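Residue-level listing of the chains:
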Amino acid sequence: KKAEEGPFSDPQSVEEASPINETIEATESNLREKFAEVGGFEALADDPDEHRQGFAIPSTSEEIADAGKRWGDGSWQMKLLKMINSDFVQRFLVVLLVLDVLVLFVELALDAFFP
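The rules we used
- Every residue gets a number counted from 1 within its own chain, in the order that chain's sequence is written.
- Only residues with pLDDT of at least 70 get local features here, since the model is predicted, and only at 80 or more are side-chain atom pairs given and counted; chain-wide, interface and lining totals rely on the full set of residues.
- Side-chain numbers come from the whole structure's heavy atoms, not from hydrogens or water.
- Helix and strand definitions here come from DSSP, where helices need a minimum of 4 consecutive H or I residues and strands a minimum of 2 consecutive E residues; each element is numbered from the N-terminal end.
- Only protein chains enter the accessibility calculation, which uses a 1.4 Å probe; a residue whose area is less than 20% of its type maximum is buried, one above 50% is exposed, and one in between is partly exposed.
- Surface exposure here means Shrake-Rupley accessible area, sampled with a 1.4 Å probe, where a residue is shielded only by the protein chains that are shown.
- Whenever a carboxyl oxygen of Asp or Glu lies within 4 Å of a side-chain nitrogen of Lys or Arg, that contact is scored as a salt bridge.
- Lines fitted to the C-alpha atoms define the axes, with helices restricted to the stretch that makes contact. Angles between their N-to-C directions range from 0 to 180 degrees.
- For classification purposes, angles smaller than 35 degrees are called roughly parallel, those larger than 145 roughly antiparallel, those between 65 and 115 roughly perpendicular, and all remaining angles oblique.
- Definitions for this section: a left-handed crossing has its near helix turned counterclockwise from the far helix by less than a right angle. A right-handed crossing has that turn clockwise.
- Throughout, a contact is declared for two residues whenever any of their heavy atoms are within 4.5 Å.
- Each residue carries a pLDDT score, the predictor's own confidence in it, on a scale running from 0 to 100.
- Polar contacts here mean pairs of N or O atoms no more than 3.5 Å apart (in protein, one a potential hydrogen donor and the other a potential acceptor; neighbouring residues in sequence count only if both atoms are side-chain atoms).

Another point: the overall build of the protein. For the protein, the count of helices and strands is six helices and zero strands. Taking all 115 residues of the protein together, the buried fraction comes to 11%. Working note: accessible area of the protein is about 10,100 Å², and carbon and sulfur atoms make up 61% of it.

Shown next, in the form of structure tokens:
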């Protein structure tokens, strides 16, 4: 039965298959902490409200702060992020989206009235 479930189906087999001498048991409650230990996220702070839990979309200020920590303020990634988040670019993209929807409705109306 273990062959059907795979080597990582239970914590006991993870210990056996792991090349690391210490026991690694990842459960839903400590998965984020284990991932932080290997450098996936910054270490979790004592304040649980400081980091988002789940798959929430970060706000613009959180996104810029995270990018600033990751790449530095003068990097091309930060310049590109600030340009994409500028009012002009955001308004331009919204106008393009609205025009796309209008064209879609015009096409549907033409197809309906002139088959």
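Moving on, we come to the pattern of salt bridges. One pass over the full model with this rule turns up one salt bridge. Close ionic contact of Asp66 with Arg70 constitutes a salt bridge, the shortest N to O distance being 3.2 Å. Residue Asp66 and its partner Arg70 are located together in helix α4 (residues 60-71), separated by four residues, close to a single helical turn.

Moving on: the packing of α4 against helix α5 (residues 76-84). Following both chains from N to C, one finds α4 and α5 inclined at 165°, their axes separated by 9 Å at the closest point. Looking at the two axes, α4 sits roughly antiparallel to α5. Two packed elements cross with a definite hand, and for α4 against α5 that hand is left-handed. Contact with α4, carried on its side by Glu63, Ile64, Ala67, Gly68 and Trp71, involves Gln77, Met78 and Leu81 of α5 and no other residues of that element.

The share of residues in the protein with pLDDT of 70 or more is 53%, and the mean pLDDT across the chain is 75. Ranking the elements of the protein by mean pLDDT puts helix α1 (residues 2-5) last, at 50, and helix α6 (residues 87-113) first, at 97. Ignoring residues within four places in sequence, the model shows residues 43-48, a span with pLDDT below 50, making seven contacts including any to other chains.

Within the element layout of this structure, Ser75 appears in the loop between α4 and α5. Exposure remark for Ser75: the relative accessible area of 14% places this residue in the buried category. Here the side chain of Ser75 touches Gly72 through a polar contact of 3.1 Å, landing on its backbone oxygen.

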